[in-house]
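Coordinate inspection notes
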Amino acid sequence: MIVATKQLFAHAYGKYAIGAYNINNLEQIMGLFKGCIDSQAPFIIQLSKGARSYANKQMLEAMIRTAEEIFPEAIFAVHLDHGDEQTCYECIESGFYSSVMIDASHSPFEENIAITKRVVDAAHAKGISVEAELGMLGGVEEHVQVDEKNACLTDPDEALEFVKLSGCDSLACAIGTSHGAYKFAGGQGIHFDRVRAIQDLLPGYPLVMHGSSSVPQDEVARINAAGGELKGAKGVDTAQYLPAAKLGVCKVNIDTDGRLVWTRVHREFFKEQPGNFDFRTPGKIFMAEYAKFIASRNELLGSAGQLSSLRESLKN
């Protein structure tokens, strides 16, 4: 069942966060759906501009619709991640997406509001939720590249004004996380004081946390042992997921970790079996490993076991 993120957030707010997972291919889609059914968790399936180009948007949509038939219990949103204005309109018109993110965070404040408002008007006319971004996360993820010196935390007063004037349904805030596999130096982490300050001004309003992969050190070590060269990769402490959820963070974006699982599985497989060229075998291993990873993250987010309660709430 594809639902709007606004419906998911209404059930999750203040209790748990929903995992938003980026997918690019069949193996990720199958692993994601299985992991969420195994853990009985709702989820958000994210398609980036890069994914829509890599696998072809029509192919991705067809695979997701097929997965929905294979896993009829699933409750999820289909979300455009980091969309520009034109891509948002394209997804809104497609009739497939239940949520879009307009990322105009690189634009001046007033222009960001104006762009977001135009997307909101178009999306709400079709019952589609809109996520916007204020502040800038550092790091690199596909076409999103921000030097750490230019990263800036979201200002709470600006967040209040932005939400009121743009009408967006959720706000991606810069609260200390960053994109990619190299997130923090030293003991840096989520700025909970900033999250609280935003929540104080926007009580009950759903916030979104980007750049939230944990970059598991065992995955990094295994990748490096199998020939990889990930030096100093570090991510978000998973123990911070639930405290953030209690403060109104309803959506937690996790992309890099899935790439690490894929890389570890394939590097280890072909290192151990250098004469094997059947890509389906490591593909099967990855689907099972990714499903286990997804289930483990849903447990940490508090979304595991929420499916039946959510289903009942959607009936009302």
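Preceding block: the structure.
Residues numbered from 1 in each chain as written. Predicted model: local features only at pLDDT ≥ 70, side-chain atom pairs only at ≥ 80, totals over all residues. Heavy atoms only, no water.

Within the sequence span of helix 1 (residues 5-12), burial applies to Thr5, Leu8, Phe9, His11 and Ala12. Around the axis of helix 1, the buried residues are gathered within 160° of arc, so they sit on the same side. The exposed residues of helix 1 that point more than 90 degrees off its buried face are Lys6 and Ala10. Following helix 1 by one or two positions, Gly14 has its phi on the positive side, about 75°. (Buried < 20%, exposed > 50% of the residue type's maximum accessible area, 1.4 Å probe, protein only. Helix = DSSP H or I, 4+ residues; strand = E, 2+ residues; numbered from the N terminus. Arc of directions from axis to C-beta.)

Of note, Glu268 is situated in helix 11 (residues 256-272). Reaching out from Glu268, the side chain makes a polar contact with the side chain of Arg222 at a distance of 2.7 Å. The contact partners of Glu268, leaving out residues within four places of it in the chain, are Arg222 and Ala226. (Polar contact = N/O pair within 3.5 Å; in protein donor to acceptor, adjacent residues only side chain to side chain. Contact = heavy atoms within 4.5 Å.)

Attention now moves to the packing of helix 7 (residues 156-166) against helix 8 (residues 192-201). At a minimum axis distance of 9 Å, the contact between helix 7 and helix 8 shows a crossing angle of 40°. Considering the angle they form, helix 7 stands oblique to helix 8. Considering only the axes of helix 7 and helix 8, their crossing is right-handed. Two secondary-structure elements touch here, helix 7 through Pro156, Asp157, Ala159 and Leu160 and helix 8 through Arg194, Ala197, Ile198 and Leu201. Within the contact of helix 7 with helix 8, the residues separate by chemical class into 6 nonpolar, no polar and 2 charged. (Axes fitted to C-alpha atoms, helices over the stretch in contact; angles between N-to-C directions. Parallel < 35°, antiparallel > 145°, perpendicular 65-115°, else oblique. Left-handed = near helix turned anticlockwise from the far one by under 90°. Nonpolar A, V, L, I, M, F, W, Y, C, P; charged D, E, K, R; others polar.)

Here we come to the sheet that holds strand 8 (residues 170-173). Around the barrel, 8 strands lie side by side as 1-2-3-4-5-8-10-11; this closed barrel has parallel pairing. Each strand axis lies, on average, 25° off the axis of its neighbour in the sheet, ignoring direction. Pairing of strand 1 (residues 18-22) with strand 2 (residues 43-48) involves 3 bridges; the strand directions are parallel. Counterpart to Ala20 in the pairing with strand 2 is Ile44. (Pairing = 2+ DSSP bridges.)

Before going further, it helps to spend a moment on the packing of aromatic side chains. One pass over the structure, following the stated rule, counts 9 aromatic pairs. Relative to Phe76, the ring of Phe33 lies with its centre 5.0 Å away and its plane at 75°, an arrangement referred to as edge-to-face. In this pair, Phe33 is assigned in helix 2 (residues 26-38) and Phe76 in strand 3 (residues 76-83), connecting sequence segments 43 residues apart. Across the pair, Phe76 and Phe33 agree in class, each one buried. (Phe/Tyr/Trp six-rings, centres within 6.5 Å; stacked < 30°, edge-to-face > 60°.)

Summarising burial for strand 2: 6 of the 6 residues are buried, a large majority. Handedness of the crossover is the feature at issue here: the chain leaves strand 1, passes through helix 2, returns alongside strand 2, and the resulting connection is right-handed. Where strand 2 lies against strand 3, 6 bridges are found, and the strand directions are parallel. Its bridge partner lying in strand 3, Leu47 is registered against Leu80. (Right-handed = clockwise from strand over helix to strand, strands pointing away.)

By the secondary structure assignment, Pro156 is in helix 7. Between the alpha carbons of Pro156 and Asp103 there is a distance of 18 Å; along the sequence they are 53 residues apart. Once residues within four sequence positions are removed from consideration, Pro156 is found in contact with Arg194, Ala197, Ile198 and Leu201.

Of all hydrophobic cores here, the largest spans 83 residues; its most connected members are Leu8, Leu32, Phe33, Phe43, Ile45, Ile64 and Leu171. When residues of this core are assigned to their parent elements, the largest contribution, 6 residues, is made by helix 6 (residues 109-124). If sequence neighbours within four positions are ignored, Leu32 has contacts with Tyr21, Ile23, Phe43, Ile45, Tyr290 and Ile294. By size, the runner-up hydrophobic cluster in this structure holds 6 residues, among which are Val215, Val220, Ile223 and Leu230. (Core = buried A, V, L, I, M, F, W, Y, C linked by side-chain atoms within 4.5 Å.)

What follows covers the pattern of salt bridges. For the structure on display, the rule yields 15 salt bridges. One salt bridge connects Glu90 with Arg52, and the closest N-O pair in it is separated by 2.6 Å. Linking Glu90 in helix 5 (residues 85-94) with Arg52 in helix 3 (residues 49-54), this pair joins segments that are 38 residues apart in sequence. In this structure, Lys315 and Glu312 form a salt bridge, with 3.1 Å as the shortest nitrogen-oxygen distance. Of the two residues, Lys315 and Glu312 both sit in helix 13 (residues 307-315), 3 residues apart, roughly one turn of that helix. Lys315 gets classed as exposed once you look at its relative accessible area, which sits at 59%. Residue class for Glu312 comes out partly exposed when judged on its relative accessible area of 45%. Connected through shared salt-bridge partners, Glu219, Arg264, Glu289 and Lys292 make up one network. (Salt bridge = Lys/Arg side-chain N within 4 Å of Asp/Glu carboxyl O.)

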